[in-house]
Structures are given as structure tokens and as C-alpha cells.
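So you can see what is in the structure, the chains are spelled out below.
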Amino acid sequence: MLPRPVLSLIVPTRHRPAQLRCFLDSLTATAARPESLEVVLVVDADDPASQAVRHDRLALKHVVGPPGRTMGSLNADGGAAAVGDYLMLLNDDVVARTRRWDETILTCLRGFPDGVVLAHVNDTLMRENLCTFPVVSRVFRDMAGGICPREYVRYRIDDHVEDVFNLMAYLGERRTVYLPDVVFEHLNAVEHPEAGRVYLSDPAVLALDAPRFDALFASRKELALRLLDYVEGGTSPDVLASRRRELAGITDPFALRTPGRQRVVRTASAWSRGLQYLAKSGAMLMKRVRDRVRREGYRGLARAAGRKAARTLRAG
């Protein structure tokens, strides 16, 4: 029996098998432990090409359903089928660029043993401004009643998840972590003459999803309160009532996107790790020098250096 995967990647896909395979190859080329991943492909019943996709280094799970589902339903179906400890919402038009990205994400997530955490990576478009590819735990999925609401046609799913954690941050509990050095390049971009590569939404679809996002604000507030109660191991009725009054005063969810609402965790580059190693090695060498001088004086240090030079010459 295979061990349960640690991280489940939920990927709705339709009629783009070549692009999907490129995405899957990028995962295995960069992941530290591809065998610990589960990729949940959410596909339509009338898309045999996507259903036929396989990968020799990844555990793929095909969740097949009727065509025409909303993006909210696709993600919800994938989230319900996922068995990993943590779940990440992704697209097939993505390329994983960072070596050992899975190791970095899991180290971050495991810093919150109760499972109430939102991590997000650098998608090269929204970056720190929106958790485009959110990572949450099964604890969050279960307490929320699903990874996301099914009502969303295409947009505001990431906003919905992030808003819950922004509400928690407003109440003093920061549980959002942004990993700027973990890059999952989102290829769905256009070139803007001034801003460069940007993501453009379909205004007609956004006009449908924006009111849904607003209508679900009250339910996100209640979820934030439940999560905070879970983190604290129980909240008194008076404290709960006070927090509910605080949240009632917030009418604009986007006003919660303030600096400091999320923790920014940078990962060391190979160059900086090399510098850290040299600094540590230098500190250890200086300690040995000081200990030698203390025991034998500078003459003893000179004799030891002479002996080492002689051994080096003989070895050469």
C-alpha cells in the first residue's frame, strides 16, 4: 500500500494535454520529492485526451465530471477527492521554476501544527498582491466545508480564500505566508505597453463573480471566527461576541489588504547559502586558532601551522 501523499495539487484542465504534460514535467524536474505529491486532474467527461494523460514519476488522480461546471465546482470536486495533508490550487498553464519548491512550501506549512495556514507562491504576475495559487490544509478544507464555494464561475476563488485569512489577521492572528522565492510562472499573461506582463480578466465573467464575492463576505467572517476559535482551543462567548462586532464594522474586504497582513519568508539562494557556509567555517577556524593560542601560545600556533604545511607538501 502506497503512503498517503503529503501535498495534493488540484488542477482543472480541458483540451490542453500538451500544455498539461509540460506542467507535470516541470513539477518533477524541480520537486525534491515527486513521490510525495498527488496531482488531482479535474477533467470533463467529453475530454478523453485529458483523461488519458499519465506520468511515470507522479501519482495522478483523474476526477471526471460533466462538462460545463464552474471553476468553483471544478476546484471543489478536486478538493473533495484530494487525500494529501495539504492542498494547492493550480492551473495547467503554469511552469514550476524553483528547485525543491515542495520542500520549501512544506517547511513553511509545518510551522503551523494546527493546520490553520495559507501559503502562496510567486506567480510572476500578482505576486504578493493576491494568493493566486493558494496552499491550505485539509483542516481548512474540512472546516470551510470545501476548498472553495462552487458558485464562482472563474474569478474571486483566490480572493475568497485569502479574505478569510485577512479577517483573521485583522483580529490579530496572522496566518498567511508569502514565499517570493518559490516561483510558479503563470503563463496566462499579456504584454502591457507600460506595466509589462499582466493578467487580464474577462469583464463579463468578473461582473458575475464580483457580486458573489461580496455576498459571501458574511460567511467568510464566520469561518474566520471558527478558525480562530480552533486555533485557540475554544473562545469564550464574550470574546466571540466582541470579535463578531469588530468584523461587523468591516464593509470592504479589499480594505483588509494592508501591509503586514502576511508574513514574507525568503528562502536562501545557493550563493547566500555558500556565504553562510564560509562564514560558519571561518568562525570555526578562528575558534580553533584562539584555543591553540590559549593552550600553547603563538609559538605553538606557528609550530602547528608548520606541521600542516609539511604534511601538505608531502601529500603533493
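Notes on the structure in this doc start here.

Thresholds, definitions, all that
Residues numbered from 1 in each chain as written. Predicted model: local features only at pLDDT ≥ 70, side-chain atom pairs only at ≥ 80, totals over all residues. Heavy atoms only, no water. Helix = DSSP H or I, 4+ residues; strand = E, 2+ residues; numbered from the N terminus. Buried < 20%, exposed > 50% of the residue type's maximum accessible area, 1.4 Å probe, protein only. Contact = heavy atoms within 4.5 Å. Expected span 1.5 Å × (residues − 1). Axes fitted to C-alpha atoms, helices over the stretch in contact; angles between N-to-C directions. Parallel < 35°, antiparallel > 145°, perpendicular 65-115°, else oblique. Nonpolar A, V, L, I, M, F, W, Y, C, P; charged D, E, K, R; others polar. Phe/Tyr/Trp six-rings, centres within 6.5 Å; stacked < 30°, edge-to-face > 60°. Pairing = 2+ DSSP bridges. Salt bridge = Lys/Arg side-chain N within 4 Å of Asp/Glu carboxyl O. Left-handed = near helix turned anticlockwise from the far one by under 90°.

### Some remarks on the environment of Asp229
Line of reasoning, step 1. The residue Asp229 is located in helix H8 (residues 217–232) in this model.
Line of reasoning, step 2. For Asp229, a relative accessible area of 29% translates into the label partly exposed.
Line of reasoning, step 3. Residues contacting Asp229, with those up to four places away along its chain left out, are Gly234 and Thr235.

### With respect to H8
Line of reasoning, step 1. The terminal C-alpha atoms of H8 lie 23 Å apart, and with 16 residues this matches the ideal 22 Å at 1.5 Å per residue to within 8%.
Line of reasoning, step 2. Contact partners of the buried residues in H8: helix H5 (138–144), helix H6 (157–170), helix H7 (203–215) and helix H9 (237–248).
Line of reasoning, step 3. Two residues or fewer past H8, Gly233 is found with a positive phi of approximately 75 degrees.

### Observations regarding the packing of H7 against H8
Helices that pack against each other are described as a pair by the angle of their axes relative to one another and the distance between those axes.
Line of reasoning, step 1. The geometry of H7 relative to H8 is characterised by a closest axis approach of 4 Å and an angle of 45 degrees between their N-to-C directions. Relative to H8, the element H7 lies oblique. Within the contact between the two elements, H7 uses Phe213, Asp214 and Ala215 and H8 uses Phe217, Ala218 and Arg220.
Line of reasoning, step 2. Classifying every residue of the contact of H7 with H8 by side-chain character gives four nonpolar, no polar and two charged.

### Observations concerning the packing of aromatic side chains
Line of reasoning, step 1. Taken as a whole and judged by the stated rule, the model has three aromatic pairs.
Line of reasoning, step 2. With a centroid separation of 5.5 Å and an interplanar angle of 35 degrees, the aromatic rings of Phe140 and Phe165 are classed as tilted. Taken together, the residues span a long stretch of sequence, with Phe140 in helix H5 and Phe165 in helix H6 at a distance of 25 residues. Each member of the pair, Phe140 together with Phe165, is buried.
Line of reasoning, step 3. Between Phe213 and Phe254 the ring centres are 5.6 Å apart and the planes differ by 40 degrees, which places this aromatic pair in the tilted class. A residue pair is termed long-range when its members are at least 10 positions apart, and Phe213 in helix H7 and Phe254 in the loop between H9 and strand E11 (263–264) qualify at 41 residues.

### Things to note about the pairing of strand E4 (residues 86–89)
Line of reasoning, step 1. Burial of E4 is two-sided: the residues Tyr86 and Met88 facing one way and the residues Leu87 and Leu89 facing the other way are all buried.
Line of reasoning, step 2. Taken together, the four bridges between strand E1 (residues 7–12) and E4 define a ladder with parallel strand orientation. Among the inter-strand pairings, Leu7 is bridged to a residue of E4, identified as Tyr86.
Line of reasoning, step 3. For E4 and strand E7 (residues 134–137), the ladder comprises three bridges, and the chain directions are antiparallel. By the bridge assignment, Met88 is partnered in E7 with Val135.

### Considerations on the pattern of salt bridges
Line of reasoning, step 1. Considering all chains together, one arrives at 24 salt bridges under this definition.
Line of reasoning, step 2. Between Arg150 and Asp77 there is a salt bridge, and its shortest N-O distance comes to 2.8 Å. Highlighted residues: Arg150 in the loop between H5 and H6 and Asp77 in helix H3 (residues 71–81), separated in sequence by 73 residues.
Line of reasoning, step 3. Salt-bridge contacts for Arg175 lead to Glu173; the nearest nitrogen and oxygen are separated by 2.9 Å.
Line of reasoning, step 4. Assessed through its relative accessible area of 8%, Arg175 is described here as buried.

### What to know about the packing of H6 against H8
Line of reasoning, step 1. Where H6 contacts H8, the axes come no closer than 9 Å and their chain directions differ by 55 degrees. With respect to each other, H6 and H8 are oriented oblique. Between H6 and H8 lies a crossing of right-handed hand. Residues His160, Asp163, Val164, Leu167 and Met168 of H6 form the contact with H8, whose own contacting residues are Phe217, Arg220, Lys221, Leu223, Ala224, Leu227, Leu228 and Val231.

By themselves these figures say nothing about function.
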